Amino acid sequence: LGLLVNEFILFGLTQDPRKQKAIFGVFLMFYLATLLGNFLIVVTIKRSRTLGSPMYFFLFYLSFADACFSTTTAPRLIVDAISQQKTISYNECMTQVFSAHFFGCMEIFVLILMAFDRYVAICKPLRYTTILNRHVCSVLVILGWVGSCIHSSAQIVLALRLPFCGPNVIDHYFCDLQPLLKLACMDTYVINLLVVSNSGAICTVSFIILLISYVIILYSLRNYSAEGKRKALSTCTSHFIVVVLFFGPCIFMYTRPATTFPVDKVVAVFYTIGAPLLNPLIYTLRNAEVKNAMKKLWCSKL
């Protein structure tokens, strides 16, 4: 293991000073809005008596994962936009690889659990509470955490094997395996295959599972009344928007050979900052139960 580089320089989204000021302002607002939106959902679900169903149990963890996932990348991008020193130590860089993959993977698993919840609610409504009781939901979430830990541990094992002995400028705004592979002074073909088979497979297989589950749900809706159809479609549509926003960029980033494109950083913004910001908006604005619970809880507080 030839570790000669002990810090990296993050290139960021741009080197133009004027654009950097704009990036600082815009992304600071995005990040604060992400934290506020997800915090409101977490607290509302925890404190509200009406949001006790499994869907909200999973939404609680989605919002938690969103806030953490955004926190692994956004603060660094915001601070680097206005600082002269854009260095990140080797250990910090590896921590960022681990935490970004951990919370990103957790988000994927929770989205699958939410699709499973909708499937049971719509296709097996009479057995919904027995199939998805509190104990089952808790076990499923724990399995999600364990799966995320295995995935990110595999990523960090690959990252720690990379020897860096010369160039140390990462053409990105956070540490990830793809840009790090470009700097490694070894043949990265095998490691890249492992990245694709790990991250790429998780993204693609999960996306296919989600697509199939929504097709089954839509098919079973044909027996529902007009009102029932409308309600179920509204919930599933909001879930589906979130899925496409998150998985589109992920699949683009992690299922290809070891090449990096200039557009990668913009695509990464979509799933590291865009998705966690939009999730709370999509779930609350399209969900009357959450909106009413928020009004009740926060109006009584104020």
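The rules we used
Residues numbered from 1 in each chain as written. Predicted model: local features only at pLDDT ≥ 70, side-chain atom pairs only at ≥ 80, totals over all residues. Heavy atoms only, no water. Salt bridge = Lys/Arg side-chain N within 4 Å of Asp/Glu carboxyl O. Helix = DSSP H or I, 4+ residues; strand = E, 2+ residues; numbered from the N terminus. Buried < 20%, exposed > 50% of the residue type's maximum accessible area, 1.4 Å probe, protein only. Phe/Tyr/Trp six-rings, centres within 6.5 Å; stacked < 30°, edge-to-face > 60°. Core = buried A, V, L, I, M, F, W, Y, C linked by side-chain atoms within 4.5 Å. Contact = heavy atoms within 4.5 Å. 1 Å grid on protein atoms, 1.4 Å probe; cavity = no way out; pocket = protein on both sides within 12 Å on 5 of 7 lines; lining within 4 Å. Points joined across faces, edges and corners; volume = space filled by probe spheres on them. Nonpolar A, V, L, I, M, F, W, Y, C, P; charged D, E, K, R; others polar.

1. Quick word on the pattern of salt bridges
Thought 1: Taken as a whole, this structure holds six salt bridges when the rule is applied.
Thought 2: The partner of R230 in a salt bridge is E227, and the shortest N-O contact between them spans 3.1 Å. Pair noted here: R230 and E227 are both in helix α8 (residues 226–254), with a separation of three residues, about one helical turn.
Thought 3: The exposure class assigned to E227 is partly exposed, which follows from its relative accessible area of 47%.
Thought 4: Close ionic contact of D264 with R256 constitutes a salt bridge, the shortest N to O distance being 2.5 Å.
Thought 5: Classification of R256 as buried rests on a relative accessible area of 9%.

2. Notes on the packing of aromatic side chains
Thought 1: One pass over the structure, following the stated rule, counts 18 aromatic pairs.
Thought 2: Between F8 and F164, the aromatic rings sit 5.0 Å apart at their centres with planes inclined by 85 degrees, giving edge-to-face as the arrangement. Residue F8 is found in strand β1 (residues 7–10), and its partner F164 is found in the loop between α5 (134–160) and β3 (169–170); the two are separated by 156 residues along the sequence. For the pair shown, F8 and F164 are each scored as buried.
Thought 3: Centre to centre, the rings of F57 and Y61 are 5.3 Å apart; their planes meet at 70 degrees, and the pair counts as edge-to-face. One end of the pair is F57 and the other is Y61, both in helix α2 (residues 54–82) and four residues apart, which spans about a single turn.
Thought 4: Three or more aromatic residues joined by ring pairs form one cluster here, namely F64, F98, F102, F103 and W145.

3. Topic: the nonpolar core
One broad rule of soluble globular proteins: the nonpolar side chains tend to lie buried together.
Thought 1: Core analysis: the biggest nonpolar cluster contains 90 residues, and F8, L59, F164, L180, F246 and Y271 have the highest contact counts within it.
Thought 2: Of all the elements, helix α3 (residues 90–123) adds the most residues to this core, at 18 residues.
Thought 3: Residues contacting L59, with those up to four places away along its chain left out, are I41, I45, M114, Y283 and V290.

4. Notes on empty space enclosed by the protein
Thought 1: Following the criterion strictly, the structure yields two cavities of 30 Å³ or more and no others.
Thought 2: Estimates place the volume of the largest cavity at around 180 Å³.
Thought 3: Around the largest cavity, the lining is made up of 18 residues, and of these A100, H101, G104, Y254 and Y271 lie nearest the centre.
Thought 4: Those elements giving two or more residues to the lining of the largest cavity turn out to be α2, α3, α7 (189–220), α8 and α9 (264–285).
Thought 5: Tallied by class, the residues present in the lining of the largest cavity amount to eleven nonpolar, six polar and one charged.
Thought 6: Taken together, the elements giving at least two residues each to the lining of the second largest cavity come down to α1 (17–47) and α2.
Thought 7: In terms of residue count, α2 provides more of the lining of the second largest cavity than any other element does, three residues in total.
Thought 8: Split into classes, the residues belonging to the lining of the second largest cavity amount to seven nonpolar, four polar and two charged.

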